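Examination of the molecular architecture
Listed here are the chains, written in short residue letters.
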Amino acid sequence: MKQLFQRKDVRQILADLQQQEAQRSSNDLHRNLKLRDLVSFGIAAVVGAGIFSTIGNASYQGGPAVMFLFIFTAIACLFSALCYAEFASTVPISGSAYTYAYTSFGELMAWVLGWALVMEYAVGNIAVAISWSDYFTGILYSTGIPFPAYLSMDYLTAARVSKEVIPLVEGGKALTDLTFLEREAYLAWTNAPVLAGNIRLIADIPALVITLLITSVVFVGIKESKTTGNIMVAIKLAVVLMVIVVGAAYVDTGNWSPFAPNGLRGILQGVSAVFFAYIGFDAISTTAEECENPQRDLPRAMIYSLIICTILYVLIALVLTGMVSYKELQVGDPLAYVFAQRGLNFIAGIVAGSAIVAMASVFLVFQLGQPRILMTMSRDGLLPKAFSKIHPRFQTPYIATIATGLMVAIPALFMNLTEVTDLTSIGTLFAFTIVSAGVLTLPPAEAGEARRFRVPYLNSRYFLPPIMLLLLALVWVYAHEELIAFFSFAGGKPNQSAASLFLERLPMWVFLCVAVAVLVAAIWKQLSLIPLLGLLTNFYLMTELGIHNWIGFGLWMLAGLVIYFSYGYWHSKMRA
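Now for a description of the structure that goes with this document. (Residues numbered from 1 in each chain as written. Predicted model: local features only at pLDDT ≥ 70, side-chain atom pairs only at ≥ 80, totals over all residues. Heavy atoms only, no water.)

This paragraph deals with the packing of helix α2 (residues 35–46) against helix α13 (residues 294–323). At a minimum axis distance of 8 Å, the contact between α2 and α13 shows a crossing angle of 45°. On the basis of the axis angle, α2 is oblique to α13. As α2 runs across α13, the sense of the crossing is right-handed. Together, Leu35, Leu38, Val39, Gly42, Ile43 and Val46 of α2 and Asp297, Leu298, Arg300, Ala301, Tyr304, Ser305, Ile308, Cys309 and Tyr313 of α13 make up the contact between the two elements. Here the contact of α2 with α13 is composed, by residue class, of eleven nonpolar, two polar and two charged. (Axes fitted to C-alpha atoms, helices over the stretch in contact; angles between N-to-C directions. Helix = DSSP H or I, 4+ residues; strand = E, 2+ residues; numbered from the N terminus. Parallel < 35°, antiparallel > 145°, perpendicular 65-115°, else oblique. Left-handed = near helix turned anticlockwise from the far one by under 90°. Contact = heavy atoms within 4.5 Å. Nonpolar A, V, L, I, M, F, W, Y, C, P; charged D, E, K, R; others polar.)

This part takes up unusual backbone geometry. In this chain, Ser257 is followed by Pro258 through a cis amide linkage whose omega measures 0°. Inspection of the secondary structure puts Pro258 in the loop between α10 (222–248) and α11 (263–268). In the Ramachandran plot, Gln395 falls in the positive-phi region, its phi being about 55° despite a non-glycine side chain. If you trace the backbone, Gln395 turns up in the loop between α15 (345–379) and α16 (398–414). On the basis of relative accessible area, Gln395 is assigned to the buried category, the value being 17%. The phi torsion at Gln526 lies on the positive side, around 55°, for a residue other than glycine. Structurally, Gln526 can be placed in the loop between α19 (498–525) and α20 (529–543). (Buried < 20%, exposed > 50% of the residue type's maximum accessible area, 1.4 Å probe, protein only.)

Aromatic ring pairs are described here by two measures, namely the spacing of the ring centres and the angle between the planes. For the structure shown, the criterion picks out 22 aromatic pairs. Look at Tyr564 and Tyr569: their rings are 6.2 Å apart centre to centre, the planes differ by 80°, and that puts the pair in the edge-to-face class. Of the residues examined, Tyr564 reaches a relative accessible area of 0% and is grouped as buried. A network of ring pairs unites the aromatic residues Trp111, Trp115, Trp556, Tyr564, Phe565, Tyr569 and Trp570 as a single cluster. (Phe/Tyr/Trp six-rings, centres within 6.5 Å; stacked < 30°, edge-to-face > 60°.)

On the surface, Phe72, Leu264, Leu268, Leu470, Leu471, Leu474, Trp476, Val477, Tyr478 and Ile484 cluster together into a nonpolar patch covering about 970 Å² of accessible area. For the nonpolar patch, the elements supplying multiple residues, two or more each, are α11 and α18 (460–487). For the nonpolar patch, the element with the most residues is α18, which contributes seven residues. Counting through the fold element by element, Leu264 comes out in helix α11. Residue classification places Leu264 among the partly exposed residues on the basis of a relative accessible area of 39%. (Patch = residues over 30% accessible without salt bridge, like charges linked within 9 Å, V, L, I, M, F, W, Y side chains within 5 Å. Areas by Shrake-Rupley, 256 points an atom, 1.4 Å probe, with all protein chains shown as cover. Salt bridge = Lys/Arg side-chain N within 4 Å of Asp/Glu carboxyl O.)

Before going further, it helps to examine the packing of helix α4 (residues 66–90) against helix α5 (residues 97–104). At a minimum axis distance of 10 Å, the contact between α4 and α5 shows a crossing angle of 75°. With respect to their mutual orientation, α4 and α5 come out roughly perpendicular. For the pair formed by α4 and α5, the contact residues are Tyr84, Phe87 and Ala88 on the first element and Ala97, Tyr100, Thr103 and Ser104 on the second. In the contact of α4 with α5, the residues fall into five nonpolar, two polar and no charged.

It is worth spelling out the pattern of salt bridges at this point. Opposite charge on two side chains lets them pair, provided their charged atoms get close. A full pass over the atoms with the stated rule returns three salt bridges. For Lys34, the salt bridge goes to Glu292, with nearest N and O atoms at 3.2 Å. Here Lys34, found in the loop between α1 (10–22) and α2, pairs with Glu292, found in the loop between α12 (271–278) and α13; they are 258 residues apart in sequence, far enough to count as distant. Judged by its relative accessible area of 32%, Lys34 falls in the partly exposed class. Overall, the relative accessible area of 44% leaves Glu292 in the partly exposed class. Arg296 is the partner of Asp297 in a salt bridge, and the nearest nitrogen-oxygen pair spans 2.7 Å. Residue Asp297 is classed as buried on the basis of its relative accessible area of 2%. The exposure class of Arg296 is partly exposed, given its relative accessible area of 42%.

What follows deals with the nonpolar core. The biggest cluster of nonpolar side chains holds 147 residues, and the ones touching the most others in it are Phe70, Tyr84, Tyr278, Ile316 and Phe339. When residues in this core are grouped by element, the largest group, 19 residues, is from helix α6 (residues 107–142). Not counting residues within four places of it along the chain, the set of residues in contact with Phe339 comprises Val243, Val246, Gly247, Met323, Leu344, Asn345, Ile347, Ala348 and Val351. By size, the runner-up hydrophobic cluster in this structure holds 14 residues, among which are Tyr150, Ala185, Ala188 and Ile202. (Core = buried A, V, L, I, M, F, W, Y, C linked by side-chain atoms within 4.5 Å.)

Below you can see the structure in the form of structure tokens.
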């Protein structure tokens, strides 16, 4: 059992890294990523579906004041980014949060976190692939180019929706009276070729194609991935800046009043959607072994990309809510919508087209990160050796890359996983929480040791108690009725049992227990404030995702533990 909690020694990792550098061969990962490339990867991961989609719903709920939500979420992510930066500077090898957990809490927690990252990257990219397909076929549809519905929709959605729609059509309801989704599902189900056994051929082919294309780029090398990513980021930033500059000329400041129509509660309603827009900066750390100077550039890239993206999000939010009333922004394509409302259909078309590039760039970064995590886990013996093999020509973990492509391509082809996209967020938040806690366990720098980035130290004994008191006061002022109902086990749904209500609120009870424990540790051990704030804010955001996502996350973790104790535990190099 000792193996489960045995940690990797940071100094031994650095010594091994120096030895590997001295013996580097053509079969090793190739170092050619500079600071600008890492910043580009960070922007590619963050400026994606969030700025082209979720910003609309967040603005609808919070009004123009949603800009403060982007700032708040950026600060919460900054706590985690600083912790990631210290780890990346201290342990400059691939593996991201998996490697950091190995040095902080031992092998079992490292596996758990690595398994959570599989959820973050794989499930997230399945959703991105499906969303990309929807945008792509939507543009074809708007330009009059026919594309068979049964080749652009997943089987489960077509079966479920058509089951409800077919009786309506047979009853005389016209297709034009159906919603777009209902019409597409009906056409997909009725027009699909029928194979043996009455099985209809319905598959999301564009999702498959984009997965294969991006995986191919990642397969052939980091240089090609870098070049492709930089081009897509340049296009994406040009469009975003065009939206800001052109849109500013059409801003009506009257739309900014009221500034916060739904108060603080309305602003915070979009916190999960806005956070989803920010996840991905951690993918930068997976490229540590392909950076020219990882200890210097990785910390800078994480912080720079976060700052740049926050500025862009705030400006976009102000432009959107200034061009039209916030009440009109509950749409899937808010950037294109506001220009169409102003009669600028040409720009609206450019924005809609650029959404395809934006999502493809997010796809690229996540597909780049996942194989390197699998590669690192394989090196440690927790996965089969094949996952750590480096292609002799392309210098990439090619088997891990192929496996990652299949993990995304097959589900995206046949399934609709948009309902479980919150699993991506909960996996990421879990990683952020563990990394924030792990920084507290890092050994102090020794005399003569190479300079590395450190999270600024602030004594939490003096800062955390007043911060918590202030937050408690704000909750009492703005939501005291909900607070009283929570602790009195009241305010549930009609006919909801006490057990069901407790289960629904269980994540918050867990958070409160953890918050009390953290407060005691902060006062007693005088821990660093920023990692504690990262731990608490990310854990709180996990509670906002609901008990169903916690249950799904728990089942995913259970499956991962079965794999670990069946294979990883017995083949671990730590065990040897």
